[in-house]
Amino acid sequence: MQETGKKQKVYHVFEQVAVRYDRANKRISLGQEVSWKKACIQQVCQHLPTQGRVLDVCCGTGDIALGIAEKRSDCYVWGLDFSPSMLHIARTKDKKKIVTWQQGDATKLPYDNEYFDSAVISFGLRNTTNYQCVLEEMSRVIRPQGMVWCLDSLRPKSAWVCPFYEFYFRYIMPILGGGIHYRKEYQWLWESTQAFLSADALQTLFSHVGLERLEQRSYMFGACILQGGKKI
């Protein structure tokens, strides 16, 4: 898919599903999404200095940004997304106004070099038009010794697990997530995951953009990966 076509497709999908997004994600992940996000939040917070700055790229409805802000009340958290509808949900959930929300493009982050101590992207990298560009931008805006984190879905390696995984995500998940009316929008989850990097390729890409001391954790037989890297 061409970059412009993919960008328009993703924008349409998330504008359509924003209201039902959180509930649908819990259903289609069989309840596992909550624990995956908690693990991501824990890792981000563990590596943050006192009064650190954190950027959540492709923040969606804000679960990661809000989780970090609640866990580390001493820190400053920003959430950026290109979908106005998703940001509206995030702002609505942010009752205490503890996160700075901003609309923007993950491939052209509107922040100065080395402004943040950490940057995270959760279930968003595979929806962008240029994975390398996004990671380069995330690396650019964090200080040396800062961490970049990526939590995302991908195809499991196991030859035993893959057939069941593919059947579920291709045929059952779109109905479970989107029902009759929005099944086409949730079909995108299958398509974007199929086109996404393998766990090894994601780790290699982290190294390629200058992120070292890599950490990688796998969940649900490799269907979800948390990849971290330090800017040296």
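Rules used throughout
- Residues numbered from 1 in each chain as written.
- Predicted model: local features only at pLDDT ≥ 70, side-chain atom pairs only at ≥ 80, totals over all residues.
- Heavy atoms only, no water.
- Buried < 20%, exposed > 50% of the residue type's maximum accessible area, 1.4 Å probe, protein only.
- Helix = DSSP H or I, 4+ residues; strand = E, 2+ residues; numbered from the N terminus.
- Pairing = 2+ DSSP bridges.
- Lys, Arg positive; Asp, Glu negative; His and termini not counted.
- Salt bridge = Lys/Arg side-chain N within 4 Å of Asp/Glu carboxyl O.
- Polar contact = N/O pair within 3.5 Å; in protein donor to acceptor, adjacent residues only side chain to side chain.
- Contact = heavy atoms within 4.5 Å.
- Phe/Tyr/Trp six-rings, centres within 6.5 Å; stacked < 30°, edge-to-face > 60°.

Caption draft 1: Representation of the pairing of strand β5 (residues 142–153) within the structure. For β5, a buried count of nine out of 12 residues is recorded, marking the element as mostly surrounded by other parts of the structure. Pairing analysis gives six bridges linking strand β4 (residues 116–122) to β5, with the strands arranged parallel. Residue pairing for β5: Ser122 is matched across the bridge by Leu151. Bridge analysis of β5 against strand β7 (residues 224–231) gives seven bridges, and the strand direction is antiparallel. Bridging from a neighbouring strand, Leu151 pairs with Leu226 of β7.

Caption draft 2: Seen up close, the side chain of Asp56. For Asp56, the position within the fold is in strand β1 (residues 53–57). An unpaired buried charge is present at Asp56: no salt bridge exists, and Lys37, the closest side chain of opposite charge, is 8.3 Å distant. Only 3.2 Å separates the side chain of Asp56 from the backbone nitrogen of Ala65, close enough to count as a polar contact. With residues up to four places along the chain from it excluded, the contact list for Asp56 reads Ile64, Ala65, Trp78, Gly79, Leu80 and Val120.

Caption draft 3: Molecular detail of the packing of aromatic side chains. Taken as a whole, this structure holds eight aromatic pairs when the rule is applied. Aromatic pair Phe14 and Tyr21: ring centres 5.9 Å apart, planes at 65°, arrangement edge-to-face. With relative accessibility at 12%, the residue Phe14 sits in the buried group. When its relative accessible area of 13% is taken as the criterion, Tyr21 is described as buried.

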